[in-house]
Amino acid sequence: MTAEPRHVRPYGDTSGDGMVQTSFTLPVPHGPRAEGAALLLAAKMGMDPAMVVHSHAIGPDFTFFVVYGSVTHIVDMADVHVVEREYPLLPPGEVNTAVKRLLRRKLVVVGACIGTDAHTVGIDAILNIKGFAGEKGLEYYRELRVVNLGAQVTVPELVKRARTEKADAVLVSQVVTQRDAHILNTREMSAAFREAMGARRPLLIAGGPRFDPRMAGDLGVDRVFGRGTTPGEVASYLAHAITVRKEPAA
Ligand code: B12
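Numbers given for residues are sequential positions, taken from 1 along each chain in its written order. Two thresholds apply to this predicted model, a pLDDT of at least 70 for residue-level local features and 80 or more for giving and counting side-chain atom pairs, whereas whole-chain, interface and lining totals are computed over all residues. Only hydrogens and water are set aside; all other atoms, that is, all heavy atoms of the structure, feed into the side-chain values.

1. Let's talk about the site of the ligand
In the vicinity of the ligand there are 28 residues, among which Ala-118, His-119, Ser-173, Thr-177 and Thr-229 approach most closely. As used in this structure description, the phrase polar contact means that two N or O atoms lie within 3.5 Å; if the pair is within protein, one of them must be able to donate a hydrogen and the other to accept it, and residues adjacent in sequence are counted only when both atoms belong to side chains. Backbone polar atom of Thr-116 to a nitrogen atom of the ligand: 2.8 Å apart, as the coordinates give it. Broken down by secondary-structure element, the contributors of at least two residues to the shell around the ligand are helix H3 (121-127) and strand E8 (169-173). In this text, helices come from DSSP runs of H or I with a minimum length of four residues, and strands from runs of E with a minimum of two, each type numbered from the N-terminal end. Take the shell around the ligand: its biggest share by element is 4 residues, from H3. Three classes are used: nonpolar for Ala, Val, Leu, Ile, Met, Phe, Trp, Tyr, Cys and Pro, charged for Asp, Glu, Lys and Arg, and polar for all others, with Gly counted as polar. Split into classes, the residues belonging to the shell around the ligand amount to 12 nonpolar, 13 polar and 3 charged. Residues are classed as near a molecule or strand on a simple rule: at least one heavy atom within 4 Å of it.

Right, here's the structure in full:
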């Protein structure tokens, strides 16, 4: 593998030519004026030159565009700040062994979609035995006990159930992001656990396609998982997190 370059630009036809493609909708009827507006927007976004490679009407008053062009911007890799996985990916057998050794009982996971969110496919992909992307879900792990509460669970209900089940970890999914519902709901959830249980609260994990893993602190949770998360990543995180709690020196 060659060393990472310090400054990068997108690659289209030739290295560093800056070519990108983007799509958006404008509230303008389909036609030449709409295409002109799309190109003006593209120029303001730093695409120069840019061309509309596709446009079509969405009803009488809107137009959808795909615009292709070269961006003038350069990314300095020194300015990139992301959350990188700081724990190893473990196969299910090793997760089970770690849980058994550290807890001497099953680790209890309570999962739910909170608020009005009814998008259960994501949390099911992580929890259900059939799993996701070729990996089995958490229900497959012998040393994990999974309680999946499903959709539209209120925060008080979640806290109550987590207590009853003696949850070690609470996993919430938030897919709808309209009016920042995912952020507000997750903050409400973490505040409720802090108020009800203080330092004895379970691990709090939030997930969904529009979360940024860097948001964990701001949301008051221990970890945030974004789009494309696999069950193995979550199970390995659980093993890592309980190790840190039980054996801080490790
Ligand atoms: C299927 C679907 C539905 C189904 C949901 C069925 C179900 N039982 O889940 C139905 C038809 C019910 C539905 C309804 C609505 N939907 Co919808 N829906 C989708 C769709 C097409 C796919 C979502 C999906 O299943 N993805 C597949 C899963 C596997 O991916 P995922 O959710 O990202 O999950 C992964 C990761 O994010 C992560 N993850 C997710 N949760 C968690 C949790 C934890 C703890 C962890 C660790 C990881 C994790 O792991 C998963 C695996 O990698 C999306 C569009 C899209 N293509 O994404 C719209 C979409 C999410 N829906 C949308 C909307 C607007 C709605 C409605 C409001 C529409 C309406 N006006 O009625 C309603 C809302 C209903 C409600 N009360 O929530 C919007 C949301 C826009 C926004 N900014 O908020 C989207 C993006 C469509 C769009 N482009 O407009 N929807």
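2. So, the sheet that holds E8
Hydrogen bonding along the main chain pairs the strands of a sheet, whether they run parallel or antiparallel. In this scheme, strands are said to pair when DSSP sees at least two bridges between them. Strand order across the open sheet formed by 5 strands is E7-E6-E8-E9-E10, with parallel pairing between neighbours. Looking along the sheet, the strands with just one partner apiece sit at the ends: strand E7 (144-148) and strand E10 (223-225). Along the sheet, successive strands turn relative to each other by an average axial angle of 20°, direction set aside. Where E8 and strand E9 (residues 203-207) come together, 5 bridges link them in parallel fashion. When the bridges of E9 are listed, Ala-169 appears paired with Leu-203. Pairs of residues are marked as contacts when any of their non-hydrogen atoms sit within 4.5 Å. In this analysis an axis means a line fitted to C-alpha atoms, helices contributing only their contacting stretch, and an angle means the value between N-to-C directions, from 0 to 180 degrees. Strands in contact with helix H5 (residues 181-197) are E8 and E9; relative to E9, the strand with the most contacts, it is inclined by about 175°. Contacts from helix H7 (residues 231-246) reach strand E6 (107-113), E8, E9 and E10 within the one sheet, and its direction differs from that of E9 by about 155°.

3. A short note on the layout of surface pockets
Each pocket or cavity is described by its volume, and for the largest pocket that value is around 440 Å³. Lining the largest pocket are 16 residues; nearest its centre among them are Ala-167, Asp-168, Arg-200, Arg-201 and Pro-202. With 3 residues, the single largest contributor to the lining of the largest pocket is H7. Residues belonging to the lining of the largest pocket are distributed by class as follows: 8 nonpolar, no polar and 8 charged. Residues are called lining when one of their atoms sits within 4 Å of a cavity or pocket point, these points coming from a 1 Å grid over the protein atoms alone, where a cavity is a set in which a 1.4 Å probe fits but cannot get out and a pocket is an open set with protein on both sides within 12 Å along at least five of seven lines. Grid points are joined across faces, edges and corners, and a volume is the space filled by probe spheres set on the points. Each pocket or cavity is described by its volume, and for the second largest pocket that value is around 320 Å³. Lining the second largest pocket are 20 residues, and of these Gly-122, Ile-123, Ile-126, Gly-207 and Gly-208 lie nearest its centre. Going through the elements one at a time, H3, E8 and E9 are the ones with two or more residues in the lining of the second largest pocket. Considering each element in turn, the lining of the second largest pocket owes the most residues, 4 residues, to H3. Of the residues that constitute the lining of the second largest pocket, the class distribution is 12 nonpolar, 7 polar and 1 charged.

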